[in-house]
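Chain by chain, the residues run as shown.
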Amino acid sequence: MTTLFKQSIQNNLFIPFITAGDPYSDCTIDLAIALQDAGASAIELGIPYSDPVADGPVIQRASSRALQSGMNIVKAIKLVPEMRKKGLKIPIILFTYYNPVLQLDQESFFALLRENTVDGLLIPDIPFEESEELREKCQEHSISFISLIAPTSSNRIKMIAENAEGFVYCVSSLGVTGERKNFDKSIVNFLDEVKRYSKVPVVVGFGVSSKEQVEELASICDGVVVGSALVREIERLGESLVNENTRQEALDEFKAFASNFAS
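Residues numbered from 1 in each chain as written. Predicted model: local features only at pLDDT ≥ 70, side-chain atom pairs only at ≥ 80, totals over all residues. Heavy atoms only, no water.

Draft legend 1. How the structure looks around the nonpolar core. Grouped together as the largest cluster of nonpolar side chains are 74 residues, with contacts concentrated most on L94, F109, L121, L191 and V194. With seven residues, helix α1 (residues 25–37) is the largest single contributor of residues to this core. Those residues in contact with L121 that lie beyond four places of it in its chain are I93, L94, T96, F109, F110, C138, I143, S144, F145 and I146. If you look at the next biggest cluster of nonpolar residues, it comprises 23 residues, including L4, I59, F95 and I146. (Core = buried A, V, L, I, M, F, W, Y, C linked by side-chain atoms within 4.5 Å. Buried < 20%, exposed > 50% of the residue type's maximum accessible area, 1.4 Å probe, protein only. Helix = DSSP H or I, 4+ residues; strand = E, 2+ residues; numbered from the N terminus. Contact = heavy atoms within 4.5 Å.)

Draft legend 2. How the structure looks around the packing of helix α6 (residues 106–115) against helix α7 (residues 132–140). Packing of α6 against α7 leaves a shortest axis separation of 11 Å and a crossing angle of 35°. Crossing geometry of α6 relative to α7 is assigned as right-handed. Packed against α6, whose contacting residues are Q106, E107 and F110, the element α7 presents E133, L134, K137 and C138 at the interface. Per-class residue counts for the contact of α6 with α7 are three nonpolar, one polar and three charged. (Axes fitted to C-alpha atoms, helices over the stretch in contact; angles between N-to-C directions. Left-handed = near helix turned anticlockwise from the far one by under 90°. Nonpolar A, V, L, I, M, F, W, Y, C, P; charged D, E, K, R; others polar.)

Draft legend 3. Representation of the pairing of strand β1 (residues 13–19) within the structure. Judged by how many residues are buried, β1 sits mostly within the fold: seven of seven residues are covered. Here β1 shows a buried face lined by L13, I15, F17 and T19 and a second buried face lined by F14, P16 and I18.

Draft legend 4. Main features of the pattern of salt bridges. In the structure shown here, the tally under the stated rule is eleven salt bridges. A salt bridge links D22 to R65; the nearest nitrogen and oxygen atoms lie 2.8 Å apart. Of the two residues, D22 sits in the loop between β1 and α1 while R65 sits in helix α2 (residues 57–68), which places them 43 residues apart along the sequence. You can call D22 buried: its relative accessible area is 3%. (Salt bridge = Lys/Arg side-chain N within 4 Å of Asp/Glu carboxyl O.)

Draft legend 5. A look at the packing of α1 against helix α13 (residues 247–258). The N-to-C vectors of α1 and α13 enclose an angle of 40°; their axes lie 9 Å apart at closest approach. The orientation of α1 relative to α13 falls into the category oblique. Note on packing geometry: the crossing formed by α1 with α13 is right-handed. Counted together, D30, L31, A34, L35 and D37 of α1 and R247, L251, F254, K255 and A258 of α13 form the full contact between these two elements. By residue class, the composition of the contact of α1 with α13 is six nonpolar, no polar and four charged. (Parallel < 35°, antiparallel > 145°, perpendicular 65-115°, else oblique.)

Draft legend 6. Representation of the packing of aromatic side chains. The full count for this structure, using the stated rule, is eight aromatic pairs. Ring geometry for Y49 against Y97: centres 5.3 Å apart, planes inclined by 25°, an arrangement best described as stacked. One end of the pair, Y49, is in the loop between β2 (43–46) and α2; the other, Y97, is in the loop between β3 (92–95) and α5 (98–104), and 48 residues separate them in sequence. Take Y97: its relative accessible area is 2%, and that puts it in the buried class. (Phe/Tyr/Trp six-rings, centres within 6.5 Å; stacked < 30°, edge-to-face > 60°.)

Draft legend 7. Structural detail: the sheet that holds strand β7 (residues 168–171). Pairing in this open sheet of nine strands is parallel, and the strands run β5-β4-β3-β2-β1-β9-β8-β7-β6 from one edge to the other. The sheet is open, and its two borders are formed by β5 (144–145) and β6 (147–149), each paired with just one other strand. (Pairing = 2+ DSSP bridges.)

Draft legend 8. Inspection of α7 at higher detail. Of the positions making up α7, those classed as buried are L134, K137 and C138. Down the axis of α7, the sector holding all buried residues measures 100°, keeping them to one side. Residues E133 and E140 are exposed on α7 and point more than 90 degrees away from its buried face. Buried residues along α7 sit against α5, α6, β4 (120–122) and β5. (Arc of directions from axis to C-beta.)

Draft legend 9. Quick look at the side chain of S41. With respect to the helices, strands and loops of the structure, S41 is situated in the loop between α1 and β2. When residues no more than four places from it in sequence are discounted, the contact partners of S41 are F5, N12, L13, F14, I90 and P91.

Dropping the structure here:
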C-alpha cells in the first residue's frame, strides 16, 4: 500500500483544491506555495476539463478560464517539478476526469506522473469496481490511488475503505462540488462506518467552506478537502493575481484566507 502522509500527520489534514492554469500557469505555482505556507497537508491539482460532471459552477468557471489560458493535462503535470523547485514539499494529488487520460493513453500518462513526481491520483468518474487496472498502474509507480465514497455507497463502503490508499475521500452529500451552509446529520454515522474499515485517513470534501465547518468536522474525521471556497477566492483576486504590481499582495491575501481552513 502506498502512503501520502507521515505517521505524525495522519489527522487534522487540510487538502486544498486548485485548478491548474487558473488564472495562468505560473500563478498556479505561486498559489501552491501560498497554500503550503498556509498549512496545507497536500494539494489537489485539478486538470481543467470541458465537461466536469462532478463540479459545481465555481470550479466549472475555473476550468473554463484555465482552458482559455492554454492549460492541458500534460502542461499541468509538468507544473509539479516547477513547484518543487520553488520549495513545495507536500504531496500533489492529480484530480482529473478519465477522458483526458484516455486521450493521452495510459502508458504516456503514468510515465508523465512518474517523471514529474506526482504523489496521488483521483479520477471521480471511474467507479471503484472499474478502477482495478488504474490501481495496479498506481501501485507499479508508487502513486496513491484516491478512492471516493459517497453516502449512497451503502454495501460498497467496506470494500472501498478496506482497499483505500493515501486517504479516503468521503463525499459529504449528494450532488456536485460547491459551498454548503451545513451538513446532513447522517454524516456522523457515514464517517463512523468508513473509519471502521479504513486503514488510511478519512477526509471529507464537497461543501467545506468555512472555519466553523472544519472545526465541526474535526472530531469525526481526519481532515477536509476545500475546493470551491478557495477557487472562488482565486476568482475574486483574479485581476490582482494577473497584475505583477499587485500579485504579491493578492497572494498574501489568498494565503491568509486559506489559513482559516488549517488546524
